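Residues per chain are reported as follows:
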Amino acid sequence: MLYEIATLSCPVLGVTKAAEGARRWIGDEDALGTPLGMWRSDIGTIGELFVLRSFEAEEELRAERERALMSEDPFFSRETARTLRMESFAPFPFLPAMKPRQYGGLFEFRTYHLRPGGLPRTLAGWEAAIGPAAAYTDHLVTNLYALDGPPRITHIWGFSSLEERARLRAEHYAAGLWPPKGGPEEIVEATSTIAKAEEGWPIG
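Residues numbered from 1 in each chain as written. Predicted model: local features only at pLDDT ≥ 70, side-chain atom pairs only at ≥ 80, totals over all residues. Heavy atoms only, no water.

(A) Summary view of unusual backbone geometry. In this structure, proline 179 follows tryptophan 178 across a cis peptide bond, with omega equal to 5 degrees. Relative to the helices and strands, proline 179 resides in the loop between helix 5 (162-174) and strand 8 (187-197). Even without being a glycine, phenylalanine 75 presents a positive backbone phi close to 60 degrees. Relative to the elements of secondary structure, phenylalanine 75 occurs in the loop between helix 2 (58-69) and strand 4 (83-91). Although it is not a glycine, phenylalanine 76 adopts a positive phi angle of roughly 45 degrees. Among the residues examined, phenylalanine 76 registers a relative accessible area of 27% and is labelled partly exposed. (Helix = DSSP H or I, 4+ residues; strand = E, 2+ residues; numbered from the N terminus. Buried < 20%, exposed > 50% of the residue type's maximum accessible area, 1.4 Å probe, protein only.)

(B) Quick peek at the domain arrangement of the protein chain. Partitioning the protein chain into structural domains gives domain 1 (2-90) and domain 2 (92-197). Relative placement of domain 1 and domain 2: their C-alpha centres are 22 Å apart. Each partner contributes to the interface: domain 1 provides 17 residues, whereas domain 2 provides 20 residues. Buried surface at the junction of domain 1 and domain 2, both sides included, amounts to about 1700 Å², of which 68% is carbon and sulfur. Across the salt bridge formed by glutamate 87 and arginine 152, the nearest N and O atoms sit 3.0 Å from each other. Put simply, domain 1 and domain 2 have six residue pairs in polar contact (both at pLDDT 80 or more) between them. Where the side of domain 1 that touches domain 2 is concerned, the elements lending two or more residues are strand 1 (2-9), strand 2 (34-43), strand 3 (48-55) and strand 4. For the side of domain 1 that touches domain 2, the leading source of residues is strand 2, giving seven residues. Here the side of domain 1 that touches domain 2 is composed, by residue class, of 11 nonpolar, two polar and four charged. (Domains from an automatic or database assignment. Contact = heavy atoms within 4.5 Å. Buried area = accessible area lost by both parts, 1.4 Å probe. Salt bridge = Lys/Arg side-chain N within 4 Å of Asp/Glu carboxyl O. Polar contact = N/O pair within 3.5 Å; in protein donor to acceptor, adjacent residues only side chain to side chain. Nonpolar A, V, L, I, M, F, W, Y, C, P; charged D, E, K, R; others polar.)

(C) Structural view of the pairing of strand 1. With eight of eight residues buried, strand 1 lies mostly within the body of the structure. Side chains of strand 1 alternate between two faces, with Leu2, Glu4, Ala6 and Leu8 and Tyr3, Ile5, Thr7 and Ser9 buried alike. When strand 1 meets strand 3, the two strands line up antiparallel, connected through eight bridges. Bridged to tyrosine 3 within strand 3 is serine 54. Both strand 1 and strand 4 contribute to a ladder of seven bridges, which runs antiparallel. Paired with serine 9 across the bridge in strand 4 is threonine 83. (Pairing = 2+ DSSP bridges.)

(D) Summary view of a nonpolar patch on the surface. Taken together, Val12, Leu13 and Ile46 make up a surface patch of nonpolar side chains, about 350 Å² in accessible area. Here isoleucine 46 lies in the loop between strand 2 and strand 3. (Patch = residues over 30% accessible without salt bridge, like charges linked within 9 Å, V, L, I, M, F, W, Y side chains within 5 Å. Areas by Shrake-Rupley, 256 points an atom, 1.4 Å probe, with all protein chains shown as cover.)

(E) Inspection of the sheet that holds strand 8 at higher detail. Judged by pairing direction, the barrel is antiparallel, and its eight strands sit side by side in the order 1-3-2-8-5-7-6-4 before closing back on the first. Pairs of neighbouring strands in the sheet enclose a mean axial angle of 35 degrees, with direction left out of account. Here helix 5 sits on the sheet in contact with strand 2, strand 5 (106-114), strand 7 (152-159) and strand 8, set at roughly 50 degrees to strand 5. (Axes fitted to C-alpha atoms, helices over the stretch in contact; angles between N-to-C directions.)

(F) Focus on the side chain of threonine 193. Tracing the backbone through its elements, the reader meets threonine 193 in strand 8. If near-sequence neighbours (up to four positions away) are discounted, threonine 193 is found in contact with Ser41, Ile43, Phe50, Phe107, Glu108 and Phe109.

This is how it looks when you write it as structure tokens:
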């Protein structure tokens, strides 16, 4: 299974219209892949819309990317989006596949740019930490590594509130269960965006 995160950067008042266009684009009869979720940024860079889809084969992902690149109105967003970024990912191999679940509507998108050669150590650290930190990692929607561009990972977390997120992180940090051992040493740059789920998607 492969994944795509499409990020549309919009004027603040244009996100709702962009979401409507993106919903039509990924629901089009010619569209490939399985829509999993859509979110709008709330804390971090304002005016971003995230669209997550899965693809069973690389050929599907490539065909869908080609459809967007060759369209004069990709994601039906030409009038609303200032930029469109489409990224391809593979999942951490030891994590379960994403399944429909309602986490509470509040999500965090964290992206870590890694040192060259840092992915194997990052994978090993995460694999060892997932089980012991189960009360926290139960909120992990997925963790993905990029298939193109600079080495990086993007992990998505779901919570019911900022307070729940802060409490779980504080408890697991204090217990020495998080972050994964060896992981932070491989990070050269990290970003975090808090986003709210759009309604009507499998993950929300």
